[in-house]
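Chain by chain, the residues run as shown.
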Amino acid sequence: MSDKSHIIAVASQQFTKYGIASVSMDTVAERAGISKTTLYGFFESKEALVETVLKTLIQLWKQQINEIVEASDNPVQKVYKMYSNAIKELKMLDIVFIHDLRKYYGTYFKSYEAIKHYFVFDVVQSLLNEAKAKDMLLPNVCAQHLCEMYFLQFDVLIHPIYTKENYSHRDILYALIYPVLNGILKPEYRDAIDVVDV
(Lines give C-alpha, C1' and ligand atoms only; values in the text may rest on other atoms or scores of the structure.)
Protein backbone atom coordinates (compact mmCIF):
# COMPACT_ATOMS: atom_id res chain seq x y z
CA MET A 1 0.00 0.00 0.00
CA SER A 2 1.40 3.39 -0.97
CA ASP A 3 1.81 6.19 1.56
CA LYS A 4 -1.12 8.05 0.01
CA SER A 5 -3.39 4.99 0.08
CA HIS A 6 -2.39 4.35 3.69
CA ILE A 7 -3.20 7.95 4.65
CA ILE A 8 -6.61 7.72 2.93
CA ALA A 9 -7.37 4.45 4.74
CA VAL A 10 -6.37 5.89 8.14
CA ALA A 11 -8.27 9.15 7.56
CA SER A 12 -11.34 7.23 6.38
CA GLN A 13 -11.31 5.08 9.51
CA GLN A 14 -10.85 8.10 11.79
CA PHE A 15 -13.44 10.33 10.06
CA THR A 16 -16.13 7.66 9.80
CA LYS A 17 -15.63 6.53 13.39
CA TYR A 18 -15.23 9.88 15.18
CA GLY A 19 -16.59 12.47 12.74
CA ILE A 20 -14.61 14.92 10.66
CA ALA A 21 -14.58 17.93 12.97
CA SER A 22 -13.08 16.04 15.90
CA VAL A 23 -10.21 14.51 13.88
CA SER A 24 -7.34 16.90 13.21
CA MET A 25 -4.63 16.61 10.60
CA ASP A 26 -2.26 16.03 13.54
CA THR A 27 -4.31 12.99 14.53
CA VAL A 28 -4.33 11.62 10.99
CA ALA A 29 -0.55 12.04 10.72
CA GLU A 30 0.01 10.41 14.11
CA ARG A 31 -2.31 7.46 13.38
CA ALA A 32 -0.73 7.00 9.95
CA GLY A 33 2.76 7.04 11.48
CA ILE A 34 3.95 9.91 9.33
CA SER A 35 4.97 13.52 9.87
CA LYS A 36 2.61 16.42 9.25
CA THR A 37 4.99 17.55 6.51
CA THR A 38 4.50 14.24 4.70
CA LEU A 39 0.74 14.46 5.16
CA TYR A 40 0.60 17.99 3.75
CA GLY A 41 2.84 16.83 0.91
CA PHE A 42 -0.05 14.60 -0.22
CA PHE A 43 -2.99 16.76 0.87
CA GLU A 44 -2.69 20.54 0.97
CA SER A 45 -5.59 20.87 3.42
CA LYS A 46 -8.02 18.92 5.53
CA GLU A 47 -10.71 19.73 2.99
CA ALA A 48 -8.65 18.07 0.24
CA LEU A 49 -8.28 14.99 2.45
CA VAL A 50 -12.02 14.89 3.22
CA GLU A 51 -12.79 15.17 -0.49
CA THR A 52 -10.45 12.26 -1.32
CA VAL A 53 -11.80 10.11 1.51
CA LEU A 54 -15.39 10.64 0.38
CA LYS A 55 -14.54 9.95 -3.27
CA THR A 56 -12.78 6.74 -2.19
CA LEU A 57 -15.77 5.63 -0.10
CA ILE A 58 -18.19 6.35 -2.96
CA GLN A 59 -16.01 4.42 -5.40
CA LEU A 60 -15.95 1.46 -2.97
CA TRP A 61 -19.73 1.56 -2.50
CA LYS A 62 -20.34 1.65 -6.27
CA GLN A 63 -17.99 -1.29 -6.74
CA GLN A 64 -19.87 -3.27 -4.07
CA ILE A 65 -23.20 -2.43 -5.72
CA ASN A 66 -21.95 -3.57 -9.13
CA GLU A 67 -20.62 -6.84 -7.72
CA ILE A 68 -23.99 -7.63 -6.14
CA VAL A 69 -25.93 -6.71 -9.29
CA GLU A 70 -23.77 -9.05 -11.37
CA ALA A 71 -23.92 -11.95 -8.89
CA SER A 72 -27.54 -13.09 -9.28
CA ASP A 73 -30.50 -13.17 -11.66
CA ASN A 74 -33.02 -12.66 -8.84
CA PRO A 75 -33.74 -8.92 -8.49
CA VAL A 76 -35.27 -9.24 -5.01
CA GLN A 77 -32.27 -11.23 -3.76
CA LYS A 78 -30.02 -8.48 -5.11
CA VAL A 79 -31.92 -5.84 -3.11
CA TYR A 80 -31.68 -8.01 0.01
CA LYS A 81 -27.92 -8.48 -0.44
CA MET A 82 -27.42 -4.77 -1.09
CA TYR A 83 -29.12 -3.84 2.16
CA SER A 84 -27.24 -6.54 4.02
CA ASN A 85 -24.05 -4.92 2.74
CA ALA A 86 -25.38 -1.41 3.45
CA ILE A 87 -26.06 -2.34 7.08
CA LYS A 88 -22.44 -3.47 7.46
CA GLU A 89 -21.16 -0.27 5.83
CA LEU A 90 -23.44 1.99 7.89
CA LYS A 91 -22.27 0.30 11.10
CA MET A 92 -18.79 1.65 10.35
CA LEU A 93 -20.13 5.11 9.45
CA ASP A 94 -20.92 7.12 12.57
CA ILE A 95 -23.80 9.56 12.18
CA VAL A 96 -21.42 12.36 13.28
CA PHE A 97 -19.53 11.87 10.00
CA ILE A 98 -22.71 12.62 8.03
CA HIS A 99 -23.59 15.59 10.27
CA ASP A 100 -20.09 17.01 9.82
CA LEU A 101 -20.35 16.62 6.05
CA ARG A 102 -23.66 18.49 6.09
CA LYS A 103 -22.47 21.25 8.45
CA TYR A 104 -18.89 21.90 7.30
CA TYR A 105 -18.54 20.37 3.84
CA GLY A 106 -21.82 21.07 2.02
CA THR A 107 -20.45 20.26 -1.43
CA TYR A 108 -19.24 16.86 -0.28
CA PHE A 109 -22.50 16.21 1.59
CA LYS A 110 -24.22 16.68 -1.78
CA SER A 111 -21.97 13.90 -3.13
CA TYR A 112 -23.07 11.63 -0.23
CA GLU A 113 -26.72 12.45 -0.97
CA ALA A 114 -26.11 11.79 -4.68
CA ILE A 115 -24.74 8.28 -4.05
CA LYS A 116 -27.67 7.59 -1.74
CA HIS A 117 -30.13 8.67 -4.47
CA TYR A 118 -28.22 6.64 -7.07
CA PHE A 119 -28.39 3.56 -4.82
CA VAL A 120 -32.09 3.93 -4.02
CA PHE A 121 -33.52 5.14 -7.32
CA ASP A 122 -31.12 3.99 -10.03
CA VAL A 123 -30.37 0.60 -8.50
CA VAL A 124 -32.97 -0.53 -5.93
CA GLN A 125 -35.99 0.97 -7.71
CA SER A 126 -34.80 -0.49 -11.03
CA LEU A 127 -34.45 -3.92 -9.43
CA LEU A 128 -37.91 -3.70 -7.88
CA ASN A 129 -39.32 -2.66 -11.27
CA GLU A 130 -37.55 -5.66 -12.78
CA ALA A 131 -39.17 -7.90 -10.16
CA LYS A 132 -42.55 -6.33 -10.98
CA ALA A 133 -41.98 -6.98 -14.70
CA LYS A 134 -41.22 -10.62 -13.83
CA ASP A 135 -44.59 -10.69 -12.01
CA MET A 136 -42.90 -11.40 -8.65
CA LEU A 137 -44.49 -8.49 -6.75
CA LEU A 138 -48.03 -7.93 -5.53
CA PRO A 139 -50.01 -5.87 -8.06
CA ASN A 140 -50.48 -2.79 -5.84
CA VAL A 141 -46.76 -2.37 -5.06
CA CYS A 142 -45.26 0.86 -6.38
CA ALA A 143 -41.47 0.65 -6.40
CA GLN A 144 -41.08 4.44 -6.56
CA HIS A 145 -43.27 5.03 -3.50
CA LEU A 146 -41.50 2.32 -1.52
CA CYS A 147 -38.14 3.85 -2.39
CA GLU A 148 -39.26 7.39 -1.57
CA MET A 149 -41.00 6.59 1.71
CA TYR A 150 -38.80 3.85 3.11
CA PHE A 151 -35.53 3.00 1.41
CA LEU A 152 -34.38 6.60 0.95
CA GLN A 153 -34.63 7.13 4.73
CA PHE A 154 -32.87 3.89 5.63
CA ASP A 155 -29.57 5.44 6.73
CA VAL A 156 -31.39 7.87 9.04
CA LEU A 157 -33.51 5.04 10.45
CA ILE A 158 -30.61 2.69 11.12
CA HIS A 159 -28.13 5.00 12.89
CA PRO A 160 -30.05 5.32 16.18
CA ILE A 161 -30.53 1.55 16.20
CA TYR A 162 -26.81 0.93 15.77
CA THR A 163 -25.98 3.05 18.78
CA LYS A 164 -27.58 0.28 20.82
CA GLU A 165 -25.06 -2.54 20.72
CA ASN A 166 -27.67 -5.21 21.52
CA TYR A 167 -28.80 -5.44 17.86
CA SER A 168 -26.76 -7.59 15.52
CA HIS A 169 -26.47 -7.23 11.75
CA ARG A 170 -28.88 -10.16 11.37
CA ASP A 171 -31.37 -8.63 13.85
CA ILE A 172 -31.53 -5.42 11.83
CA LEU A 173 -31.70 -7.21 8.49
CA TYR A 174 -34.56 -9.44 9.68
CA ALA A 175 -36.45 -6.57 11.32
CA LEU A 176 -36.09 -3.85 8.67
CA ILE A 177 -35.42 -5.46 5.28
CA TYR A 178 -36.66 -9.05 5.12
CA PRO A 179 -40.27 -8.30 6.19
CA VAL A 180 -40.55 -5.40 3.74
CA LEU A 181 -39.26 -7.40 0.78
CA ASN A 182 -41.13 -10.56 1.73
CA GLY A 183 -44.30 -8.51 2.22
CA ILE A 184 -44.31 -7.17 -1.34
CA LEU A 185 -43.73 -10.55 -2.98
CA LYS A 186 -46.55 -12.65 -4.36
CA PRO A 187 -47.09 -15.76 -2.19
CA GLU A 188 -45.51 -18.07 -4.77
CA TYR A 189 -42.28 -16.05 -4.60
CA ARG A 190 -42.00 -15.79 -0.81
CA ASP A 191 -39.05 -18.20 -0.88
CA ALA A 192 -37.21 -16.03 -3.43
CA ILE A 193 -35.02 -14.46 -0.75
CA ASP A 194 -32.16 -16.65 0.39
CA VAL A 195 -31.63 -15.30 3.92
CA VAL A 196 -28.53 -17.42 4.43
CA ASP A 197 -26.84 -16.05 1.33
CA VAL A 198 -25.74 -12.68 2.74
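Residue positions are given per chain, counting from 1 as you read along its sequence in written order. It should be noted that, the model being predicted, local features are given only for residues of pLDDT at least 70 and side-chain atom pairs only at 80 or more, the latter also being counted only at that level, while totals for whole chains, interfaces and linings use all residues. Only heavy atoms go into the side-chain values, all of them from the structure, while hydrogens and water stay out.

## Here we look at the overall build of the protein
No. 1: Going along the chain from the N terminus, every DSSP run of H or I of four or more residues is numbered as a helix, and every run of E of two or more is numbered as a strand. Along the backbone of the protein there are 10 helices and zero strands.
No. 2: N-terminal to C-terminal, the α/β element order of the protein is α-α-α-α-α-α-α-α-α-α.
No. 3: On the principal axes, the C-alpha backbone points of the protein span a range of 65 × 30 × 30 Å.
No. 4: The rule is simple: take the accessible area with a 1.4 Å probe, protein chains only, and divide by the maximum for that residue type; under 20% is buried, over 50% is exposed, in between is partly exposed. Looking at the protein residue by residue over its 198 residues, the buried ones come to 45%.
No. 5: A separation of at least 24 residues holds for 70% of the contacts in the protein among residues at least 6 apart in sequence. The contact criterion used throughout is that any non-hydrogen atoms of two residues lie within 4.5 Å.

## Let's talk about the environment of His117
No. 1: For His117, the position within the fold is in helix H7 (residues 106-133).
No. 2: With 30 residues separating them in the primary sequence, His117 and Cys147 have C-alpha atoms 9.6 Å apart.

## Considering the packing of helix H4 (residues 46-71) against helix H5 (residues 75-91)
No. 1: Between H4 and H5, whose axes approach to 9 Å, the crossing angle comes to 150°. When the interaxial angle is binned, H4 and H5 end up roughly antiparallel. Both H4 and H5 take part in a crossing whose hand is right-handed. Of the residues in H5, those touching H4 at Leu60, Trp61, Gln64, Ile65, Ile68 and Val69 are Lys78, Lys81, Met82, Asn85 and Glu89. Lines are fitted to the C-alpha atoms to define the axes, a helix being fitted only along its stretch in contact, and any angle between axes, read from their N-to-C directions, falls within 0 to 180 degrees. Just so you know how the angles are binned, under 35 degrees is roughly parallel, over 145 roughly antiparallel, 65 to 115 roughly perpendicular, and the rest oblique. Crossings are assigned a handedness: left-handed for a near helix turned anticlockwise from the far helix by less than a right angle, right-handed for a clockwise turn.

## Quick word on the environment of Phe97
No. 1: Within the fold, Phe97 resides in helix H6 (residues 95-104).
No. 2: Residue class for Phe97 comes out buried when judged on its relative accessible area of 1%.
No. 3: For the pair formed by Phe97 and Phe15, sequence separation is 82 residues and the distance between their alpha carbons is 6.3 Å.
No. 4: The contacts of Phe97, once residues within four sequence positions are left out, are Phe15, Thr16, Gly19, Ile20, Leu54 and Leu57.

## Comments concerning the pattern of salt bridges
No. 1: Salt bridges are counted wherever a side-chain nitrogen of Lys or Arg sits within 4 Å of a carboxyl oxygen of Asp or Glu. Summed over the entire model, instances satisfying the criterion amount to five salt bridges.
No. 2: Between Glu51 and Lys55 there is a salt bridge whose closest N-O contact spans 3.1 Å. Taken together, the residues span about one helical turn, with Glu51 and Lys55 both in helix H4 at a distance of four residues.
No. 3: Glu51 sits in the partly exposed class, given a relative accessible area of 27%.

## Comments concerning empty space enclosed by the protein
No. 1: Cavities and pockets are found on a 1 Å grid laid over the protein atoms alone: a cavity is a set of points where a 1.4 Å probe fits but cannot escape, a pocket is an open set with protein on both sides within 12 Å along at least five of seven lines, and a lining residue has an atom within 4 Å of such a point. Grid points are joined across faces, edges and corners, and a volume is the space filled by probe spheres set on the points. Summed over all chains, the structure comprises one cavity of 30 Å³ or more.
No. 2: Considered as a void within the structure, the largest cavity measures approximately 340 Å³ in volume.
No. 3: In terms of lining residues, the largest cavity is bounded by 19 residues, among which Trp61, Ala86, Leu90, Lys116 and Phe119 are the most central.
No. 4: Among the secondary structure elements, those contributing two or more residues to the lining of the largest cavity are H4, H5, H7 and helix H9 (154-162).
No. 5: Ranked by residues supplied to the lining of the largest cavity, first place goes to H5 with six residues.
No. 6: Three categories are distinguished: nonpolar for Ala, Val, Leu, Ile, Met, Phe, Trp, Tyr, Cys and Pro, charged for Asp, Glu, Lys and Arg, and polar for the others, with Gly belonging to the last. For the lining of the largest cavity, a count of residues per class yields 14 nonpolar, two polar and three charged.

By themselves, these figures tell us nothing about what the structure is for.
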